[in-house]
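Below, each chain spelled out in residue letters.
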Amino acid sequence: MRNGMPRTVKRMAGVLAVMALALVGTLRAQFDYRAKVVKIEDLTHDVRRVGLELEKSEGFSFTPGQYVFVNIPEYYVKQWNRKYGTDHAQVLRPYSFASSSSKLPRFDVIIKWARPPRNKDVPPGIASSFVHQHLRVGDVLEITEPTGDLYLRADTGEPIIIVAGGSGAAPFVSLLEYFFEREFDKNNEIYFFFGVRAKRDLFLHDRFLAWDKSKPRFHYIPALSHPRPEDNWEGETGYVQIPLDKRIKGPTGAHAYLAGPPIMIKFVEEVLRSKGITKDRTHYDEIEAR
Ligand SMILES: Cc1cc2nc3c(=O)[nH]c(=O)nc-3n(C[C@H](O)[C@H](O)[C@H](O)COP(=O)(O)OP(=O)(O)OC[C@H]3O[C@@H](n4cnc5c(N)ncnc54)[C@H](O)[C@@H]3O)c2cc1C
C-alpha cells in the first residue's frame, strides 16, 4: 500500500490513467509542465540521453522510478502522417526519469530509437524518431505530471534485485542515484542485472562498472544475449534471467524491481518465484510494452 490506497486499486488507477492518455485520439491530454532541452548526448548507436530543465517547477516532484508523458509536437505528427500515410492524432509517450529527484528542476530521460521490427515494412517509432532525428538543444517539450508505481518500498536491510532489459534500465539510473545519495547500499545488497543484445547496447556501462568497483554491496551484472565476436565478452551471456538464476541464492527476502519487455518480465518472474520472491515483493508498472 502507498498513500493509504490498496495496491491493486492503485495499479488499476495507474493502468486506467495510462489507457486514458493512450486513447487521446479523441481526447486532448492535459500538459501541465514545459521543459527546455539543455543537453543531448548519444549514449550508444541508438540510445540518447536528453537533459531537460523545467520552465516552472512549482508543484513538480517525482519518486525515482516514475515517468512522465511527453507530447510530440503537432507539426511533427502532421509531417509524419504525410510522409508515412499514417493517421496519428495526438502522440504522447511515457518516458522514465533517468536522474535522481534531487537534481530538479533539471532531469534526464534516456530514449532508445524504436526501429521497425525485422522483416516488417513499417515506419520506425514516431516519438523516438522525433527525439533522435529532430529534437535540438533549446527546444521546449510539453509533459504531464509524474506518475507510476515503480518506487523503492523501504530501506529494509533485505537485498534489492534490479532486472532491466534494454531501455528498461533508464528508471534504474534514477533509482540507483537516489539509493546511493541516501546510502541504501550501506544497509542492503543491491544486484543490478542489465540484459541487452550486444556490448554496443550497454549504455552507461562504465558508470555502472565504476559504482560496482567503489560500492562494496553493489553488484553490476551485465548479460549479452547475442554477443558479437568483436565484443570479446567474458561476462554473462544469454537472456537476463539466466545470470539471475545463477547468482541469486534462494530463498531470499529480497525485493525485486523490473523494467523491460513483457517476455523478459515473464521469464524473470518465474526465476524470482523459484527463489521465494513473492509477487508482492516484485515491482514494475503493469502497462504496455516498452
Ligand atoms: C512506463 C513506461 C516507461 C517507459 N520509459 C521509457 C524510457 O525511459 N526510455 C525509452 O526509450 N522508452 C520508454 N518507454 C517506451 C516508450 O514509451 C515508447 O513506447 C517507445 O519510445 C516507442 O515509441 P515510438 O512512438 O517511438 O514508437 P511507436 O510509433 O509507438 O512504434 C513502436 C514500434 O512499432 C513499430 N511500428 C510502427 N508501425 C507499425 C505497424 N503498422 N505494424 C507493426 N509495427 C509498427 C515501429 O517501427 C516501432 O518499432 C516506456 C514505456 C512505458 C510503458
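For the structure itself, consult the block above.
So, here's what we can say about the structure. Keep in mind that this is a model prediction, so the values were computed, not measured.

What counts as what
- Residues numbered from 1 in each chain as written.
- Predicted model: local features only at pLDDT ≥ 70, side-chain atom pairs only at ≥ 80, totals over all residues.
- Near = placed C-beta within 6 Å.
- Helix = DSSP H or I, 4+ residues; strand = E, 2+ residues; numbered from the N terminus.
- Nonpolar A, V, L, I, M, F, W, Y, C, P; charged D, E, K, R; others polar.
- Buried ≥ 20, exposed ≤ 12 C-beta atoms within 10 Å, placed from the backbone.
- Right-handed = clockwise from strand over helix to strand, strands pointing away.
- Pairing = 2+ DSSP bridges.
- Contact = placed C-beta atoms within 7 Å.
- Axes fitted to C-alpha atoms, helices over the stretch in contact; angles between N-to-C directions.

### Some details on the site of the ligand
Around the ligand there are 28 residues in total, and G125, A127, S128, S167 and A170 lie nearest to it. Mapped by element, the contributors of at least two residues to the shell around the ligand are strand 4 (91-96), strand 5 (106-112) and helix 3 (126-134). Here the residues of the shell around the ligand sort into 16 nonpolar, five polar and seven charged.

### Quick look at the pairing of strand 11 (residues 255-259)
Across the five residues that make up strand 11, a large majority, five, are buried. Side chains of strand 11 alternate between two faces, with H255, Y257 and A259 and A256 and L258 buried alike. Viewed along the sheet, the connection from strand 11 through helix 7 (residues 262-274) into strand 12 (residues 282-283) turns out right-handed.

### Considering the sheet that holds strand 7 (residues 160-165)
Adjacent strands of a sheet pair through backbone hydrogen bonds, lying either parallel or antiparallel. Strand order in the open sheet formed by six strands is 10-9-8-7-11-12, and the pairing between neighbours is parallel. Each edge of the sheet is formed by a strand with only one pairing partner; in this case those strands are strand 10 (236-237) and strand 12. Relative to strand 10, strand 9 (residues 218-224) runs parallel, the two being bridged by two bridges. Following the sheet pairing, A223 is matched in strand 10 by E236. Strands strand 7, strand 8 (190-196), strand 11 and strand 12 of the sheet are contacted by helix 7, whose axis makes an angle of about 165° with strand 11.

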